[in-house]
Amino acid sequence: MNYSEKLKRLQERRNPGFKQYSLDKAFSAEDYKTEVEEAQEYVMSAMEELPIRSTEISYEEGDRVKKHLLEELPAYGFNPDFRYQGSVPCNTHIKYHSDIDLLVIIDKFESVENTKRITHPYSGNPREDLENLRAACIKILKENYTVADIEKNSKSIKISGGSLRRKIDVVPANWYNSEKWYNTEIDYYRGIRIFDCKTKERDINFPFLNIQLIDEKDAQTFGRYRPLVRLAKTLKEDSELNIQISSYDMQALLYNMDNSIFFSNIRDSLLYTTDFLNRLVQNPNIYKSLYVPDMTRKISDRVDISEVRKLCNEFYTISEQLGIIE
């Protein structure tokens, strides 16, 4: 795929009203761009954050779904908390129609890191409660969004279409109270356990700590970290290699880069990022030592090194196109 086509796809993702007009009609001879110029525009556009209105709509649609659940779940015996997680709160999303994750956090019980803090053990069945919460959410969504598409995954309920302008991922979970949260009383140290209805297991996550750490990394690099993440996600999106790296792990990979890399100009940042990824590919033990920002797991637990190699290839290719690597 050439950069003219990649640029077109990028513009379509960022702007739903984008139309590709005939070059003969829309441009004079002086308006034609070289492939290098298109690659430069591609990189610069990929790094930009989406229009504020796009993000506002994602939250508005999430709030619509939340309102129905908030009002109707009490009839099923639930009064949950609601929070957002994912790339939209992190501001690393790259699509105008980005979906948003809505956590529905059960109120009946909480998990604790230090079981010695439990003074009144819960007498109910946590997994059964979460299954009932999930079932209630599905019923409410079906009743309120009759023409929407509802896809039931093991960890979330995805609702889209109909009157909704965004896809909403409804994620049943329970609070996980870490020792650090108890000791500091800082909200983002409080985690969650996400319920998997197939395995009946509950994964521990710290999405609010992740958002905080992404914010801090971007501040420490004077706003240069998020643009590089957006570029990496865009390269993945337009790659012909089918790169299997989630948005979360893409953020984690670049989070492990030294802050000094981000203080370079864009051309040098592309070179240093390519070198960083290549070093991981050439030294698997270094790669296997890297953790996600909240330190709950290693990146290699979910991402095979072959996928990092593919991402490295995309950075190498565009760096070569721009004359950064010869």
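No experiment lies behind these values; they were computed from the predicted model shown.

Participant: What should I look at first to understand the overall build of the protein chain in this one?
Facilitator: A count of helical and extended segments in the protein chain gives 13 helices and eight strands. Against the 2.2 N^0.38 benchmark of 20 Å for 326 residues, the protein chain shows a C-alpha radius of gyration of 22 Å, consistent with a compact globule. With the C-alpha coordinates of the protein chain rotated into their principal frame, the extents come out at 70 × 45 × 30 Å. Looking at the protein chain residue by residue over its 326 residues, the buried ones come to 47%. Looking at the protein chain alone, contacts between residues at least 24 apart form 67% of all its contacts between residues at least 6 apart. Accessible surface, the protein chain: about 16300 Å² in total, of which carbon and sulfur atoms supply 46%. Here the protein chain holds 47 positive side-chain charges and 53 negative ones, and the gap between their average locations is 4 Å.

Participant: What am I meant to see in the side chain of E61 here?
Facilitator: On the secondary structure map, E61 appears in helix α4 (residues 52-72). For E61, a relative accessible area of 1% puts it in the buried group.

Participant: Would you explain the confidence of the model for the protein chain in this entry?
Facilitator: Interpreting fine coordinate detail is not advised for predicted regions of low pLDDT. Of all residues in the protein chain, 94% have pLDDT values of 70 or greater, and the mean over the chain is 92. Note that residues 21-30 has pLDDT below 50 and, in this model, three contacts with residues that lie over four places away or in other chains.

Participant: Where do I start with the pattern of salt bridges in this structure?
Facilitator: Any two side chains of opposite charge can pair, given that their charged atoms come close. If you walk through the whole model with that rule in mind, you get 22 salt bridges. A salt bridge links R165 to E61; the nearest nitrogen and oxygen atoms lie 2.9 Å apart. Of this pair, R165 sits in the loop between β5 (157-160) and β6 (168-177) while E61 sits in helix α4, and the two are 104 residues apart along the sequence. Judged by its relative accessible area of 39%, R165 falls in the partly exposed class. A salt bridge links K158 to D169, with the nearest nitrogen and oxygen atoms 2.7 Å apart. Taken together, the residues span a long stretch of sequence, with K158 in strand β5 and D169 in strand β6 at a distance of 11 residues. Relative accessible area serves as the criterion here: at 18%, K158 is assigned to the buried category. When salt bridges with common partners are traced through the structure, they connect R53, E56, E60, E61, R64 and R165 into a single cluster.

Conventions we followed
- Residues numbered from 1 in each chain as written.
- Predicted model: local features only at pLDDT ≥ 70, side-chain atom pairs only at ≥ 80, totals over all residues.
- Heavy atoms only, no water.
- Helix = DSSP H or I, 4+ residues; strand = E, 2+ residues; numbered from the N terminus.
- Rg over C-alpha atoms; globule rule 2.2 N^0.38 Å.
- Buried < 20%, exposed > 50% of the residue type's maximum accessible area, 1.4 Å probe, protein only.
- Contact = heavy atoms within 4.5 Å.
- Areas by Shrake-Rupley, 256 points an atom, 1.4 Å probe, with all protein chains shown as cover.
- Lys, Arg positive; Asp, Glu negative; His and termini not counted.
- Charge placed at Lys NZ, Arg CZ, Asp CG, Glu CD.
- pLDDT = per-residue confidence, 0-100.
- Salt bridge = Lys/Arg side-chain N within 4 Å of Asp/Glu carboxyl O.

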